[in-house]
Every structure is written in structure tokens, then in C-alpha cells.
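Tertiary structure, described
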Amino acid sequence: MTQDELKRAVAQAAIAYVVENEIVGVGTGSTANFFIDELAKMKHKIKAAVASSEATAQRLRDHGITVLDLNEVTSMPVYIDGADEITPQGAMIKGGGAALTREKIVASVADKFVCIADGSKLVDQLGKFPLPVEVIPMSHAVVTRKLNALGGEARLRLKDGKPLLTDNGNMILDVHGLQIADPVALEATINNIVGVVTVGLFAQQGANVCLLGTAEGVKTLQ
Ligand code: 5RP
């Protein structure tokens, strides 16, 4: 199976976690896009969705799915999203699509985080994928120095030769070369650096369920 076929398979499996007549939180990225396309097939059975990025909101609306502002929502049973890396314990690196802050905010409102990923994302230890950190633009140099002091090599993410700006108007530093033995502790350490908006480590609140696409079928880790 191709990687896209594995992503589509986990997106289809995730539909079983969508609660009818409720609001669903929707992530960002290519796997989340497959999920949105599946969700569209049952859109009349859900109340609405909350999006973790402008791109996701647009795709949901294109399918005729109502998108609510998170400020109008007090609870949602489930948030469904992809990951760049995930451990068997459910700790993740996210932010390859630069949506980490909104993803973490929407996930924080949900009762359950269901991660959908092809099998290549499962790792024993996080850190091979460069760790995204969203920063306030005026702080990118000082935060770079502080991240490098932690043992990584932070690089400003560029798009068309210029710093990429997130949906929140911030910049992304991708930290290479970290071996993340204690993701919960590192998440707290990096979030405490002044100028950091969010680190793309989802460990304090990780995935409750991971649907992993493999050649043998979709495996459920929980
Ligand atoms: C976006 C994310 C994505 O979930 C992550 O990058 C995985 O993307 P994909 O499903 O395209 O592999 O965190 O910020």
C-alpha cells in the first residue's frame, strides 16, 4: 500500500470515533485532509466542526460542514489529527504543517485525542523529526540561542526564501538533533522560554488513541 492509501485507511477508521450530533475537532495536514473528506460523507450526522487551521476550515467549508469558532464551544468529545512522530505511549511531535498552536488549543478542549498516522510515524523515541516551535517574530534570535543551549540546532522555517508565518502571524523554529528522552519535561522547559508561543511536543496531553496504518491493516494503540 502507498503512504496515501495508509493515510486514507486510518482516516476512514477514525470515523468510528466521531460522536453523532456533537462537535468534532479537526486537525491539519494530509492525513487530516483524508479525514475531512470522510467526514463530509456523514456531515448531516454531526453538529459542526472546530478547525485547527485556516486551511482545514476552508476544506471543511468547501464540503459544506459548519465550522465554529472555538470561543463558541465549551466541550467536544473528540479531536482527530495526524502527527509527525508518535511513541507507543502517545507522545507526539506535531507542527510539520505549522498549525501546532491551534492544534494544541483545540485538542485541549476535547475529551479524547485520536491520532491518525501511517506506520512510518511510530518511533520509540521522539526527535528524528525536527521539533517545531512557534515563536513571536521579535524573539526568534534569542529563542534560537536558548534552544541551541538545550543541545539542538534551531533553524528558522522559510517559505519562498522568507520566514514562514503561521495563521497566528508568528514564526517557526525547527529544532534538529534533539534526542527527546523525557518529552513531558522538555515540553515544559521549551514552553517556559520567553518568546515561545508553543512547542510542537504533545506529551503532557498526548494521544489517547492512535490509529496506525500498516500493511497488515489499521492497528489501534491506546
Ligand atoms: C500540522 C501537523 C500534522 O498533523 C503533521 O505535520 C502530520 O502531517 P501529515 O498528515 O501531512 O503527515 O502537525 O501542523
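First, a word on scope: everything that follows refers to the structure included in this document. (Residues numbered from 1 in each chain as written. Predicted model: local features only at pLDDT ≥ 70, side-chain atom pairs only at ≥ 80, totals over all residues. Heavy atoms only, no water.)

Some remarks on the overall build of the chain
Our working definition: Each helix is a run of DSSP H or I of at least 4 residues and each strand a run of E of at least 2, with the numbering of both proceeding from the N terminus. As a reference, a globule follows 2.2 Å times the number of residues to the power 0.38, and the radius of gyration itself is taken over C-alpha atoms. The cut-offs for exposure are 20% and 50% of the maximum accessible area for each residue type, with area from a 1.4 Å probe on protein chains only; residues under the lower value are buried, those over the upper are exposed, and the others partly exposed. Using a 1.4 Å probe, the Shrake-Rupley method yields the accessible areas, and only the shown protein chains count as cover for residues. Only four residue types enter the charge count, namely Lys and Arg as positive and Asp and Glu as negative; His and the chain termini do not. Working definition for charges: the position is that of NZ of Lys, CZ of Arg, CG of Asp or CD of Glu.
The helix and strand inventory of the chain stands at six helices and 16 strands. Relative to the compact-globule value of 17 Å for 222 residues, the chain shows a C-alpha radius of gyration of 17 Å, a close match. Along the first, second and third principal axes, the C-alpha atoms of the chain reach 50 × 40 × 35 Å. Across the 222 residues in the chain, those meeting the buried criterion constitute 53%. Carbon and sulfur atoms form 49% of the exposed surface of the chain, whose accessible area is close to 10,300 Å². Charge-centre separation for the chain: the mean point of 21 positive side chains lies 2 Å from the mean point of 25 negative side chains.

Focus on the nonpolar core
This is how it is decided: Only buried Ala, Val, Leu, Ile, Met, Phe, Trp, Tyr and Cys residues count toward a nonpolar core, and they belong to the same one when joined by side-chain atoms within 4.5 Å. Contacts are assigned to residue pairs that have any heavy atoms within 4.5 Å of one another.
Val18, Val24, Val26, Phe35, Leu39, Leu60 and Ile80 are the most contacted members of the largest nonpolar core, which has 25 residues in total. The set of elements that each furnish at least two residues to this core consists of α1 (3-14), β1 (23-26), α2 (30-40), β2 (48-51), α3 (54-62), β4 (76-81), β7 (110-118) and β15 (209-214). Looking at which element gives the most residues to this core, the answer is α2, with five residues. Those residues within four positions of Val24 in sequence are excluded, and the remaining contacts are Val18, Phe35, Leu39, Ile46, Ala48, Ala49, Val50, Met76 and Val78.

Side note on helix α6 (residues 183-191)
Definition in use: Think of it as the arc spanned by the lines of direction from the helix axis to the C-beta atoms.
Restricting attention to buried positions, one finds in α6 the residues Pro183, Leu186, Glu187 and Ile190. Along the axis of α6, the buried positions cluster into a sector of 105 degrees, meaning they face one direction only. Contacts from the buried residues of α6 go to α4 (100-109), β8 (131-135), α5 (140-149), β13 (196-199) and β14 (201-202).

A word on the environment of Pro132
You can see Pro132 is positioned in strand β8. The spatial distance from the C-alpha of Pro132 to the C-alpha of Met1 is 29 Å, given a sequence separation of 131 residues.

Looking at the site of the ligand
Here is the rule: Nearness is defined per residue: one heavy atom within 4 Å of the molecule or strand is enough. For the purposes of these results, a polar contact is taken to be a pair of N or O atoms within 3.5 Å, where, inside protein, one atom must be able to donate a hydrogen and its partner to accept one; residues adjacent in sequence count only when each atom of the pair is a side-chain atom. Following the grouping adopted for this structure description, the nonpolar residues are Ala, Val, Leu, Ile, Met, Phe, Trp, Tyr, Cys and Pro, the charged ones are Asp, Glu, Lys and Arg, and the polar ones are all others, Gly among them.
As a matter of local geometry, the ligand sits amid 17 residues, with Ser30, Thr31, Asp84, Gly95 and Lys121 nearest to it. Between the ligand and the protein, one listed contact pairs an oxygen atom with a backbone N or O atom of Gly95 at 2.8 Å. A distance of 3.5 Å separates an oxygen atom of the ligand from a polar atom in the backbone of Ala98. Here the ligand has 380 Å² of accessible area as a free molecule, and 90% of this is covered by the chains. A per-class count over the shell around the ligand returns three nonpolar, eight polar and six charged.

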